[in-house]
Amino acid sequence: MLSAKTSMDIRGVVYDMGLRYGEGVYSVDTYDEEAVKYDLNVISNILRCNTVRIEGEDIDRLVKATRLANAEGLKVFFNPWLMGAGVDETVAYMAKGAKAAEMLRKEGIDVVFVAGCEYSLFSKGVFPGEEMNDRLAWLGSLATNGGFEELVSRNKELNKVLGKICKAVRKEFKGKVTYASGTWEYVDWDMFDIVGVDYYRRGETDEEYLAGLDRYRVGKPIVVMEMGCCAYKGAAKRGGEAFAILQGVDENGNGIYEGGVTPVRSEKEQADYVETQLRLLDQGGADGAFVFVFKFPVMPYSEEGVDRDMTSYSLVKSYPAGDSHNEKIPAWTPKEVFYTVGEEYLKLENRK
């Protein structure tokens, strides 16, 4: 097991600045500086975070948000992310991001560079398939067809890609570097200063969940880069795959769900999951955790039609275009998990 610690050093949330999950679809359309400033103030002073993982495709947005986060006393895990790109394009993009992060570091900002996230799924060149869904389907097929040797081979390729990325990043950036790995990825952590894993719980017992962290103990800090839960009954057992229950919308505007049954919204299930996970990770000796995700406006709440928010991991509810909430700052309202995160992080802060 991991060694006991007084308290997790890094108390964080993921803050999305806009990613392309599909062709032409951004999770955050525009950059609103006043809204971002408000959110980061809340993350620091209400949620009691001391660190924020700022992710997004537009590097200029990341730079602006990092400066705002620093003004709120937050450390930043700087996470440029170009989804769907190949190896060469990704390496060049990461070098550009690293140069921007080094500029921020020289300004005196406490910044860690995140050199990718679950590359094998979100980018090209490791798993077969041009689209993420193709790569995800290929990974899922290994579970039924038995593909351990194939997965080992693909992970060797992953580490070659990460080696190229690290070389380009470290040429530009002189601070600490990490990577947000999927649990199916076996990363050579010698390349990184901090071990990072997106570590969702999928129905394991407490003991099984904590034991799973043992493989990441390589003499370096371990940070859970992403964990969280959707807001419907049954989401906790699905962990990082809970979003997939919503498969689309029919011609009448009704949600299409796995099994043909609309899930029941439950903010309590989301809050209970996050509370338990934060306590377990602290108990297990993790050096830090980021709850995914502060807000996710591309998945809005609605009392009529499809409630996309319940299949989102966000801590706050966003609203559809045209809703009066969007005319003010903040354009969101807290969910039950919002208060849970604040309470748990305040407890950790007071134990320091």
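Residues numbered from 1 in each chain as written. Predicted model: local features only at pLDDT ≥ 70, side-chain atom pairs only at ≥ 80, totals over all residues. Heavy atoms only, no water.

Examining the packing of aromatic side chains
Turning to step 1, where the next piece is worked out: Within this structure, the stated rule accounts for 17 aromatic pairs.
Turning to step 2, where the next piece is worked out: Arranged with centres 4.5 Å apart and planes meeting at 25°, the rings of Tyr199 and Tyr209 form a pair that is stacked. Here Tyr209 lies in helix H7 (residues 206-211) and Tyr199 lies in the loop between strand E8 (195-198) and H7, a separation of ten residues in the sequence. For the pair Tyr199 and Tyr209, one class covers both residues: buried.
Turning to step 3, where the next piece is worked out: With 5.4 Å between their ring centres and 90° between their planes, Phe294 and Trp332 make a pair best called edge-to-face. Of the two residues, Phe294 is situated in the loop between strand E12 (288-291) and strand E13 (316-317) and Trp332 in the loop between E13 and strand E14 (333-334); the sequence distance between them amounts to 38 residues. Across the pair, Trp332 and Phe294 agree in class, each one buried.
Turning to step 4, where the next piece is worked out: Taken together, the aromatic side chains of Tyr15, Tyr38, Phe294, Trp332, Phe338 and Tyr339 make up a single cluster linked through ring pairs.
Turning to step 5, where the next piece is worked out: Above the ring of Tyr209, the side-chain terminus of Arg201 is found at 5.9 Å from the ring centroid. (Phe/Tyr/Trp six-rings, centres within 6.5 Å; stacked < 30°, edge-to-face > 60°. Helix = DSSP H or I, 4+ residues; strand = E, 2+ residues; numbered from the N terminus. Buried < 20%, exposed > 50% of the residue type's maximum accessible area, 1.4 Å probe, protein only. Lys NZ or Arg CZ within 6 Å of the ring centre and 35° of its normal.)

Focus: the sheet that holds strand E4 (residues 51-56)
Sheet strands line up and pair through hydrogen bonds in the backbone, either parallel or antiparallel.
Turning to step 1, where the next piece is worked out: One open sheet holds the eight strands; their spatial order is E7-E6-E5-E4-E1-E12-E9-E8, and the pairing between them is parallel. The open sheet has two edge strands, strand E7 (177-180) and E8, and neither has a second partner. The mean inter-strand angle of the sheet, taken between neighbouring strand axes irrespective of direction, is 25°.
Turning to step 2, where the next piece is worked out: As paired strands, strand E9 (residues 222-227) and E12 are joined by three bridges and run parallel to one another. Along E12, the bridge assignment pairs Val223 with Gly288.
Turning to step 3, where the next piece is worked out: Each of E4, strand E5 (75-80) and strand E6 (111-117) touches helix H3 (residues 87-106); the most contacted strand, E6, lies at about 165° to it. (Pairing = 2+ DSSP bridges. Axes fitted to C-alpha atoms, helices over the stretch in contact; angles between N-to-C directions. Contact = heavy atoms within 4.5 Å.)

Focus on unusual backbone geometry
Turning to step 1, where the next piece is worked out: With an omega of -5°, the peptide bond between Phe292 and Val293 qualifies as cis.
Turning to step 2, where the next piece is worked out: Mapped onto the fold, Val293 is located in the loop between E12 and E13.
Turning to step 3, where the next piece is worked out: Non-glycine residue Arg48 carries a positive phi angle of around 60°.
Turning to step 4, where the next piece is worked out: Inspection of the secondary structure assignment puts Arg48 in the loop between helix H1 (33-45) and E4.
Turning to step 5, where the next piece is worked out: In the Ramachandran plot, Glu118 falls in the positive-phi region, its phi being about 45° despite a non-glycine side chain.

Focus on the side chain of Gln270
Turning to step 1, where the next piece is worked out: Turning to its location among the elements, Gln270 is positioned in helix H8 (residues 267-283).
Turning to step 2, where the next piece is worked out: The class of Gln270 is buried, set by a relative accessible area of 0%.
Turning to step 3, where the next piece is worked out: At a separation of 3.1 Å, a polar atom in the side chain of Gln270 contacts the main-chain carbonyl oxygen of Ser314.
Turning to step 4, where the next piece is worked out: With residues near it in sequence (within four places) discarded, Gln270 still touches Cys229, Cys230, Ala231, Ser312, Tyr313, Ser314, Lys335 and Val337. (Polar contact = N/O pair within 3.5 Å; in protein donor to acceptor, adjacent residues only side chain to side chain.)

Observations regarding helix H5 (residues 132-145)
Because the α-helix completes a turn every 3.6 residues, residues three or four places apart line up on one side.
Turning to step 1, where the next piece is worked out: Counted at 1.5 Å a residue, the expected span for H5 with its 14 residues is 20 Å, and the 20 Å between its end C-alpha atoms agrees.
Turning to step 2, where the next piece is worked out: Those residues of H5 hidden inside the fold are in contact with helix H4 (119-122) and helix H6 (148-172). (Expected span 1.5 Å × (residues − 1).)

Digging into the pattern of salt bridges
Turning to step 1, where the next piece is worked out: Enumeration over the complete set of coordinates arrives at 24 salt bridges.
Turning to step 2, where the next piece is worked out: In this structure, Asp307 engages Arg265 in a salt bridge whose closest nitrogen and oxygen atoms are separated by 2.8 Å. Taken together, the positions of Asp307 in the loop between E12 and E13 and Arg265 in the loop between strand E11 (255-257) and H8 put the pair 42 residues apart, joining distant regions of the chain.
Turning to step 3, where the next piece is worked out: Owing to a relative accessible area of 23%, Arg265 belongs among the partly exposed residues under this scheme.
Turning to step 4, where the next piece is worked out: Salt bridges sharing common partners tie together Arg265, Glu267, Asp307, Asp309 and Lys335. (Salt bridge = Lys/Arg side-chain N within 4 Å of Asp/Glu carboxyl O.)

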